[in-house]
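So you can see what is in the structure, the chains are spelled out below.
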Amino acid sequence: MKTTTAPSVVPSAVPSAAPSAAPSAAPSAAPASAAEPSAQTRAEAAAPGPAVEPPVRVAVVIGSNREGRFGPVVAGWLLDRIAERDDFLPEVLDVASVDLPTALSSSPSPAVAAELAKVTPALADADAFVVLTPEYNHSFPAGLKNLVDWHYGEWRAKPVALVSYGGVSGGLRAVEHLRQVFAELHAVTVRDTVSFHGAGAAFDEAGHPRDPAGPAAAANAMLDQLGWWARALRDARGRRPYAG
């Protein structure tokens, strides 16, 4: 018997039920590296740079009012070292330029108030202090103690660096006594000091140390410490009042 084969159906004319692939002309997704910046990247780009800290306002106190004193020579040398830096703004306070009585008063006379006005605002505005002292009779001068005693809150929660000069001891005994005084006033004395032993012979006629390298290195170490404490305590006082 003769059989007949049914013609096959050609599928090319019938659309497929499955979705076709994306046309080759369609743009592909951009790689991540070329995509729009992420939110984190945008935030980092918009973030402000580190704030520039203002310089440390430092009151340089010349602590001697003795006739023929050597303090201004040492102070001049120290101010030159400070001027080499850009992190300090110095102001000089000279004990010899202030006439304060030794009798303390909570209600000073107009004359005394006028004398206090020469120094009190600068002490109050200072972020830090450098106190220059000679050594008189195993301690520091009465004029310096008087200036310190006329003030209290101006010293609190601030750092103090100490520079001394004298004979064999270089004023170091005066420095140790001042540490105790400033501790009572809630001030912080930095560890390193600058000391000139036999100060009269240590400087030349122009007011420069005959051996400048050692004192300059000591001054830089002391000022580095003073700057660190000044900025740290200034920030702390700005966040909360000192409650000591």
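Worth saying up front: this structure is predicted, and the values here are computed from it rather than measured.

J.: Before we move on, can you summarise unusual backbone geometry with the specific residues and values?
T.: Of note in this structure, histidine 138 is not a glycine but carries a positive phi near 75°. Within the secondary structure, histidine 138 is located in the loop between strand S3 (128–134) and helix H5 (142–149). One non-glycine residue, histidine 186, lies in positive phi territory at about 65°. In this fold, histidine 186 is placed in the loop between helix H6 (172–184) and strand S5 (188–189).

J.: So what's going on with the nonpolar core? Residues and values would help.
T.: In terms of nonpolar packing, the biggest core is built from 29 residues, with Val131, Trp155 and Phe182 touching the most fellow members. Put simply, the parts of the chain that give this core at least two residues each are strand S1 (56–62), helix H3 (110–116), helix H4 (120–125), S3, H5, strand S4 (159–166) and H6. Broken down by element, the residue count for this core peaks at five residues, all from H6. Not counting residues up to four positions away in its chain, the partners in contact with phenylalanine 182 are Val131, Val148, Trp155, Val160, Leu162, Ala187 and Thr189.

J.: Describe helix H8 (residues 213–239), listing the residues and the values that go with them.
T.: Taking 1.5 Å as the rise per residue, H8 with 27 residues should run 39 Å; its terminal C-alpha atoms sit 39 Å apart, in good agreement. Considered for burial, the residues of H8 that qualify are Pro215, Ala219, Met222, Leu223, Leu226, Gly227, Ala230, Leu233 and Arg234.

J.: Quick one: what's the story with the packing of aromatic side chains, residue by residue and with numbers?
T.: Inspection of the entire model under this criterion finds seven aromatic pairs. Look at tryptophan 77 and phenylalanine 196: their rings are 5.2 Å apart centre to centre, the planes differ by 90°, and that puts the pair in the edge-to-face class. One end of the pair, tryptophan 77, is in helix H2 (residues 71–83); the other, phenylalanine 196, is in strand S6 (residues 194–197), and 119 residues separate them in sequence. By relative accessible area, which is 4% here, tryptophan 77 ends up buried.

Cut-offs used in this document
- The residue count restarts for each chain, going from 1 along the sequence in the order it is written.
- Restriction of local features to residues with pLDDT of at least 70 applies here, the model being predicted, together with a cutoff of 80 or more for giving and counting side-chain atom pairs; totals for whole chains, interfaces and linings are based on all residues.
- As a convention, hydrogens and water are excluded, and side-chain values are obtained from all of the structure's heavy atoms.
- Helix and strand definitions follow DSSP, with helices as H or I runs of at least four residues and strands as E runs of at least two, each counted in order from the N terminus.
- Grouping buried Ala, Val, Leu, Ile, Met, Phe, Trp, Tyr and Cys residues that are joined through side-chain atoms within 4.5 Å yields what is termed a nonpolar core.
- Remark: exposure states derive from per-residue accessible area (1.4 Å probe, protein chains only) relative to the maximum for the residue type, with buried under 20%, exposed over 50%, and partly exposed in between.
- Residues count as neighbours in contact if any of their non-hydrogen atoms are within 4.5 Å of one another.
- Here, expected helix span is obtained from the residue count minus one, scaled by 1.5 Å.
- For Phe, Tyr and Trp, rings pair up if their centres lie within 6.5 Å, where Trp contributes its six-membered ring, and each pair is then called stacked (planes under 30 degrees apart), edge-to-face (over 60) or tilted (otherwise).

These values are about where atoms sit, not about what they do.
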